[in-house]
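Overview (structure and organization)
Listed below, chain by chain, are the residues.
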Amino acid sequence: MTQFGVLYVDDEIHNLNSFKAAFRRDFNIYVAQSAREGRKVLDQNEIAVIVTDQRMPGMTGIEFLESIIPVYPDTIRILLTGFSDINAVMDAINRGQVYKYLVKPWADEELKMYIQNAMEIYNLRRENRDLAQKLEQANKQLEALTKGMT
């Protein structure tokens with residue numbers, strides 16, 4: 001099975017280094033220090049899971065996640081924050097279509113489990129899309145055959 005990427009976006013370089021060190025053996029890790037950098041990574045790689053910090057200069061994590069939904073609807077989104085803010089949680093769920101909302105500092109094993117689960121969901125979404133396309137193709141072929149018989 002192809003190993004799709006995991007992107008972590010955070011403006012704090014220490015957090016990016018910690019994330020990479022904790023998960024590089026388990027996942028194909030990409031890091032970005034801003035939403036703009038994160039978008040470049042998304043445009044150049046197949047990313048299954050995005051983990052982003054909420055509070056960043058320029059664009060919040062929720063705004064970033066919301067902005068990529070039209071282009072990358074299947075990507076699974078996880079929001080990390082150092083602050084528990086109920087409005088941010090509601091925005092994350094409603095606007096950013098977030099799979100999980102976690103408070104920093106993360107526990108490696110817990111976050112690893114959520115990323116693994118998100119990766120499985122991403123793979124299932126891809127398989128469903130591929131099967132739906134194959135089914136549509138088969139139906140068109142069947143329709144063409146039945147038209148040819150009449």
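A few points on the structure. (Residues numbered from 1 in each chain as written. Predicted model: local features only at pLDDT ≥ 70, side-chain atom pairs only at ≥ 80, totals over all residues. Heavy atoms only, no water.)

1. Here we look at the packing of aromatic side chains
Any two aromatic rings considered together are summarised by their centre-to-centre distance and by the angle between their planes. Inclusion rule: Classification of ring pairs uses Phe, Tyr and Trp, with its six-membered ring standing for Trp, and accepts pairs whose centres are within 6.5 Å; under 30 degrees between planes counts as stacked, over 60 as edge-to-face, and the remaining range as tilted. Helix numbers and strand numbers start at the N terminus; a helix is a DSSP run of H or I with at least 4 residues, a strand a run of E with at least 2. Throughout, exposure labels follow a simple rule: accessible area from a 1.4 Å probe, protein chains only, divided by the maximum for the residue type, with under 20% read as buried, over 50% as exposed, and the rest as partly exposed.
In total, this model carries six aromatic pairs according to the counting rule given. With a centroid separation of 4.4 Å and an interplanar angle of 25°, the aromatic rings of Tyr8 and Phe19 are classed as stacked. Placement of the pair is Tyr8 in strand 1 (residues 5-9) and Phe19 in helix 1 (residues 13-23), with a sequence separation of eleven residues. You'll find Tyr8 and Phe19 in the same group, each marked buried. Centroid distance Phe19 to Trp106: 5.8 Å. Interplanar angle 80°. Geometry classified as edge-to-face. Taken as a pair, Phe19 in helix 1 and Trp106 in the loop between strand 5 (100-103) and helix 5 (108-149) lie far apart in primary sequence, 87 residues in all.

2. With respect to the side chain of Asp53
This is how it is decided: The criterion used for residue contact is that any of the two residues' heavy atoms lie within 4.5 Å.
Within the secondary structure, Asp53 is located in strand 3 (residues 47-53). When near neighbours in sequence (up to four residues on either side) are disregarded, Asp53 contacts Tyr8, Val9, Asp10, Asp11, Gly61, Leu79, Leu80, Thr81 and Lys104.

3. Quick notes on helix 2 (residues 35-44)
What counts, and what does not: Summarising the geometry, the arc corresponds to the directions from the helix axis toward the C-beta atoms.
All of the buried residues in helix 2 are Ala35, Gly38, Val41 and Leu42. Considered in projection along helix 2, the buried side chains sweep an arc of 115° and stay on one side of the axis. Along helix 2, the residues that are exposed and aim more than 90 degrees away from the buried face are Arg36 and Gln44. Contact partners of the buried residues in helix 2: strand 1, strand 2 (28-32), strand 3 and helix 3 (61-68).

4. Section: helix 3
Burial in helix 3 covers these residues: Gly61, Ile62, Phe64, Leu65 and Ile68. Taken end-on, helix 3 shows its buried residues confined to a sector of 160°, consistent with a single buried face.

5. Examining the sheet that holds strand 3
Put simply, the test is: In this description, strands pair whenever DSSP reports at least two bridges between them. For helices, the axis comes from a line fit to the C-alpha atoms of the stretch in contact; other axes are also lines fit to C-alpha atoms, and the angle between any two N-to-C directions lies between 0 and 180 degrees.
Spatially, five strands are ordered 2-1-3-4-5 in an open sheet, and the strand pairing comes out parallel. Of all strands in the sheet, those with a lone pairing partner are strand 2 and strand 5, marking the two edges. Strand-to-strand twist of the sheet, defined as the mean angle between neighbouring strand axes without regard to direction, takes the value 20°. With five bridges joining them, strand 1 and strand 3 adopt parallel strand pairing. If you follow Leu7 over to strand 3, its bridge partner there is Ile50. In this fold helix 5 packs onto strand 1, strand 3, strand 4 (76-81) and strand 5, with an angle of close to 140° to the strand it touches most, strand 3.

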